[in-house]
Amino acid sequence: MAVTSQQIAELAGVSRGTVDRALHNRGRVNSEVAARIRKIAEELGYRPNSIGQALVRARQGLRLGAILQSAETPTMQDVAAGARQAAEELRVSGLEVDIREVQGRDTAKVLRQIDELMEWGAAGLAVASNNTPDLVRRIDRLHEQGVPVVTFNTDAPDSRRLCFVGMDSYRAGQTAAGLVRQMLPGGGLVLPIAGHVNNGAHYSRLQGFLDTLKGEGDIQLLPFQPCFDRDDYAHEIAQHTLREYPSLACVYITSNGQRGVCRAVEDERRKGRVRVVAYDLNAPNRRLLQSGDLSFVLDQVALEQGRQPLQILYNYLLNGKAPEKELLYTDILIRTKYNSGDEI
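As the structure is a computational prediction, the values presented were derived from the model and not from experiment. (Residues numbered from 1 in each chain as written. Predicted model: local features only at pLDDT ≥ 70, side-chain atom pairs only at ≥ 80, totals over all residues. Heavy atoms only, no water.)

In spatial order, the strands read 2-1-3-4-5-12; together these six strands make up an open sheet with parallel pairing. The open sheet has two edge strands, strand 2 (96–101) and strand 12 (327–329), and neither has a second partner. Neighbour-to-neighbour, the strand axes of this sheet turn through a mean angle of 15°, independent of strand direction. Inspection of the sheet shows strand 1 (residues 63–68) paired to strand 3 (residues 124–127) by four bridges, in the parallel sense. Counterpart to Ile 67 in the pairing with strand 3 is Val 127. Relative to the sheet, helix 5 (residues 74–91) contacts strand 1, strand 2 and strand 4 (149–152), its axis offset from that of strand 2 by approximately 165°. (Pairing = 2+ DSSP bridges. Helix = DSSP H or I, 4+ residues; strand = E, 2+ residues; numbered from the N terminus. Axes fitted to C-alpha atoms, helices over the stretch in contact; angles between N-to-C directions. Contact = heavy atoms within 4.5 Å.)

As structure tokens, then:
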């Protein structure tokens, strides 16, 4: 006969809930008590009934929350579509999912959404994060309370989040640098544009790019400019630079704002002579690739970044299955007009 968690609880002198938390790392349990519980479980050959656990928790109405920042951008709308897809799949199992969208990058707004989702009863959260001290502290506090947090798209590496799902942004920047190097065999002047200063992904893409091209004497790098994910700001930056530096050969943009850059290049009648490199194969970028405004984009598989975190939380909370790795990187895909698809 299979050993039950109730039997372990009786032998350990604790409640069945304490046994569950100790065996699946779902909350705070005294370290000595947890060790005693695990020792008893191992000696008895205890094996959790994953299907039974899932059914019990589903009947109890498990709730998960997801928070997206910069939700107004095309890329994050693709991420949101992935989250909604996962939410529909999980609802079949009786889980409730609440997806919150935050405009721009605003830690205070994210913290308010966390408060509301915790009051609603979320047992786990997926958060498009940043590494600001306030948000890191809040994620750590949730961990201590037994509420797992999966970060996605942008990470909070200093926090005690369960794992991160997203692009290896530094390597993506290196990849972009290598491609720009090949596009400009005779060298040239390059303008880097980043999005938000507190967006770790934008900064890592920039840093990987700059580090890789450092010391390449025939490639000259202008100081980077922030556009805050805005096309109008990116247009102004690019137009001013094109007028000041007629020899500009390439614009590298790590964030949203590529449409503004492409418009500036066309306004200044430099299309075809100034290369533009951007990120993400969303609908606007497909059009810009097909029209020749963008040379290539590095795609981060945004749909999967929205879908995977909720599935990870489901498996962790219901089945006690931890993610295989702390950093679950999505692919870095190089897209040109020839492999971007024809959907516009």
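Okay, back to it.
The predicted model of the chain has a mean per-residue pLDDT of 91, with 94% of residues at 70 or higher. Here residues 54–59 is a poorly scored stretch, pLDDT under 50, and it has nine contacts once near neighbours within four places are set aside; other chains count. (pLDDT = per-residue confidence, 0-100.)

Moving on, we come to helix 13 (residues 302–319). Here helix 13 is 18 residues long and its end C-alpha atoms lie 26 Å apart, about the 26 Å a rise of 1.5 Å per residue gives. Every buried residue belonging to helix 13 is among Ala 302, Gln 305, Gly 306, Pro 309, Leu 310, Gln 311, Ile 312, Leu 313, Tyr 314, Tyr 316, Leu 317 and Leu 318, and all of these are buried. Looking at the residues trailing helix 13, positive phi occurs at Gly 320, about 65°. (Expected span 1.5 Å × (residues − 1). Buried < 20%, exposed > 50% of the residue type's maximum accessible area, 1.4 Å probe, protein only.)

Before going further, it helps to spend a moment on the packing of helix 6 (residues 107–120) against helix 7 (residues 133–144). Describing two packed helices takes the angle between their axes plus the distance from one axis to the other. Close contact between helix 6 and helix 7 brings their axes to 10 Å; oriented N to C, the two are set at 20°. Here helix 6 is positioned roughly parallel relative to helix 7, judged by the angle of their axes. Of the two elements, helix 6 crosses helix 7, and the hand of that crossing is left-handed. Judged by residue contacts, Thr 107, Val 110, Leu 111, Ile 114, Asp 115 and Met 118 of helix 6 engage Asp 134, Leu 135, Arg 138 and Leu 142 from helix 7. Tallied by class, the residues present in the contact of helix 6 with helix 7 amount to six nonpolar, one polar and three charged. (Parallel < 35°, antiparallel > 145°, perpendicular 65-115°, else oblique. Left-handed = near helix turned anticlockwise from the far one by under 90°. Nonpolar A, V, L, I, M, F, W, Y, C, P; charged D, E, K, R; others polar.)

Non-glycine residue Phe 228 carries a positive phi angle of around 55°. Looking at the secondary structure, you find Phe 228 in the loop between strand 8 (225–226) and helix 10 (231–244). For Phe 228, a relative accessible area of 35% puts it in the partly exposed group.

Judged by nonpolar contacts, the single largest core of 28 residues is most densely connected at Leu 64, Leu 90, Leu 95, Phe 152 and Leu 310. Listing elements by their share of this core, those giving two or more residues are strand 1, helix 5, strand 4, strand 5 (163–166) and helix 13. Top contributing element to this core by residue count: helix 13, with eight residues. Sequence-distant contacts of Phe 152, that is, excluding residues within four places in its chain, are made with Ile 67, Leu 68, Val 79, Ala 126, Val 127, Ala 128, Ser 129, Phe 164, Val 165, Gln 305 and Pro 309. With 24 residues, the next largest nonpolar core counts Leu 189, Val 251, Val 276 and Leu 289 among its residues. (Core = buried A, V, L, I, M, F, W, Y, C linked by side-chain atoms within 4.5 Å.)

For Asp 231, the location among the structural elements is in helix 10. In this structure Asp 231 comes out as buried when scored by relative accessible area, which is 18%. On a C-alpha basis, the gap between Asp 231 and Cys 262 in space is 9.5 Å, while along the polypeptide they are 31 residues apart.

For the rest of this paragraph, the subject is empty space enclosed by the protein. For the structure shown, the criterion picks out one cavity of 30 Å³ or more. The computed volume of the largest cavity comes to approximately 220 Å³. Lining the largest cavity are 22 residues, with Thr 73, Thr 75, His 202, Asp 229 and Asp 280 positioned closest to its centre. When residues of the lining of the largest cavity are traced back to their parent elements, those giving at least two are helix 5 and helix 9 (200–213). Sorting elements by how many residues they give to the lining of the largest cavity places helix 9 first, with three residues. (1 Å grid on protein atoms, 1.4 Å probe; cavity = no way out; pocket = protein on both sides within 12 Å on 5 of 7 lines; lining within 4 Å. Points joined across faces, edges and corners; volume = space filled by probe spheres on them.)

Should their charged atoms come close, side chains of opposite charge can pair. Evaluation of the coordinates by the stated rule reveals 19 salt bridges. The shortest N-O distance in the salt bridge between Asp 115 and Arg 138 comes to 2.5 Å. Residue Asp 115 is located in helix 6, and its partner Arg 138 is located in helix 7; the two are separated by 23 residues in the primary sequence. Measuring nitrogen to oxygen at the nearest pair gives 3.0 Å for the salt bridge that ties Arg 307 to Glu 304. Of the two residues, Arg 307 and Glu 304 are both situated in helix 13; the distance of three residues between them amounts to about one turn of the helix. What makes Arg 307 partly exposed here is its relative accessible area of 21%. Take Glu 304: its relative accessible area is 22%, and that puts it in the partly exposed class. Here the salt bridges share partners, and the residues they tie into one network are Glu 89, Glu 304 and Arg 307. (Salt bridge = Lys/Arg side-chain N within 4 Å of Asp/Glu carboxyl O.)

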